[in-house]
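# Coordinates in review
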Amino acid sequence: MTDNKEAKESRDVKKVTTNTIQKMKQAGEKISMITAYDYSFARIFDEAGIDIILVGDSASNVMAGHTTTLPITLDQMIYHAQSVVRARERALIVADIPFGYYQSNSEIALASAIRIMKESGAHTVKLEGGEEIIDSVKKIVSAGIPVMGHLGLTPQSINKFGTYVVRATEKAEADKLKKDALLLQEAGAFAIVLEKIPASLAKGVSKSLSIPTIGIGAGKFCDGQVLVMHDMLGINVEFKPRFLRQYLNLNEQITNAIQKYIKDVKSVDFPNESEQY
Ligand code: KIV
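Residues numbered from 1 in each chain as written. Predicted model: local features only at pLDDT ≥ 70, side-chain atom pairs only at ≥ 80, totals over all residues. Heavy atoms only, no water.

### Section: the packing of helix 9 (residues 171–187) against helix 10 (residues 199–208)
Basically, it comes down to this: Interaxial angle, 0 to 180 degrees, is taken between N-to-C directions of lines fitted to C-alpha atoms, where a helix line uses only the stretch in contact. Put simply, DSSP marks the helices as runs of H or I at least four residues long and the strands as runs of E at least two long, and each gets a number from the N terminus on. Note on angle classes: values under 35 degrees are labelled roughly parallel, values over 145 roughly antiparallel, values of 65 to 115 roughly perpendicular, and the remainder oblique. Crossings are sorted by hand: turned counterclockwise from the far helix by less than a right angle, the near helix makes the crossing left-handed, and turned clockwise it makes it right-handed. By definition in these notes, contact holds between two residues if any of their heavy atoms fall within 4.5 Å. Charged residues are taken to be Asp, Glu, Lys and Arg, nonpolar residues to be Ala, Val, Leu, Ile, Met, Phe, Trp, Tyr, Cys and Pro, and polar residues to be all remaining types, Gly included.
Here helix 9 crosses helix 10 at 25°, and the two axes come no closer than 10 Å. In terms of axis orientation, helix 9 runs roughly parallel to helix 10. Crossing handedness for the pair helix 9 and helix 10: right-handed. Contact with helix 9, carried on its side by Ala 174, Leu 177, Lys 178, Ala 181 and Leu 182, involves Leu 201, Val 205 and Ser 208 of helix 10 and no other residues of that element. Of the residues contributing to the contact of helix 9 with helix 10, the split by class is six nonpolar, one polar and one charged.

Encoded structure:
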């Protein structure tokens with residue numbers, strides 16, 4: 001094989017589907033999920049063997065520099081999802097429906113989900129919330145679109161919470177979360193993200209469901225884990241919550257590389273004889 005395209009075509013990859021994810025739960029195999037928003041990173045993550053790539057509305061923070069996930073638009077999410085889908089060979093691609101494009105009613109929610117599926121080629125959508133959005137989940141699922149739920153700390157509701165602290169530490173909120181998880185399962189969701197809740201609660205919820213849970217700050221008993229790529233790769237170094245394991249310090253490595261490049265340009269060390277025509 002000489003060219004990348006041929007090499008890519010020859011890779012014997014078994015594509016991950018929502019079915020695969022459900023079978024992984026049954027087999028007790030943990031599910032790995034990471035966010036990505038562009039072609040180049042998605043390609044690396046897919047080739048590394050990640051199970052699910054989430055085109056998260058955290059793009060609003062890490063790609064666009066907003067302080068919350070609220071400003072990102074459906075068109076912008078579709079653009080990010082299209083770029084990620086072009087890189088996909090194996091992973092299941094989940095795209096967030098952004099704030100304002102599903103909360104009003106189930107017709108609007110379905111229209112948004114259809115736009116994401118049709119225009120980006122993502123395989124499933126993710127929505128935040130429980131009972132409040134259950135009609136939308138049913139409607140989207142009945143149109144043949146798989147839905148991933150998202151409970152606990154739901155960043156689109158930051159203005160209601162007022163803070164990003166751990167959720168559902170009180171009984172009333174924990175009870176609602178348990179009920180919401182069951183409602184989402186009954187409505188046809190294929191998996192649920194549990195964000196920043198006590199590990200004991202996530203353990204109970206994960207045991208009570210036949211669909212998998214994917215945790216972020218929700219402990220080791222979830223059926224899988226998700227991290228935001230900029231946090232785990234150490235690009236965004238100011239964000240250091242307890243749950244985050246930082247696997248690289250890309251911020252430092254990139255800074256060193258750029259400073260070396262600046263120095264080489266200024267000193268006319270770059271380009272040298274072999275780097276010119
Ligand atoms: O948008 C996102 O990145 C997410 C994860 C935090 C689960 O929803």
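### Some remarks on the sheet that holds strand 3 (residues 92–96)
How we decide: A pair of strands is considered paired only if DSSP assigns at least 2 bridges between the two.
Around the barrel, which closes on itself, the eight strands sit in the order 1-2-3-4-5-6-7-8 with parallel pairing between neighbours. Between one strand axis and the next, the sheet turns by 25° as a mean value, whatever way the strands run. Where strand 1 (residues 31–35) lies against strand 8 (residues 224–227), four bridges are found, and the strand directions are parallel. Paired with Ser 32 across the bridge in strand 8 is Gln 225.

### Observations regarding the domain arrangement of the chain
Filter applied, for reference: Here the limits of each domain have been adopted from an automatic or database domain assignment.
Looking at the assigned domains, one finds that the chain contains domain 1 (2–246) and domain 2 (249–277). One C-alpha centre belongs to domain 1, the other to domain 2; they are set 38 Å apart.

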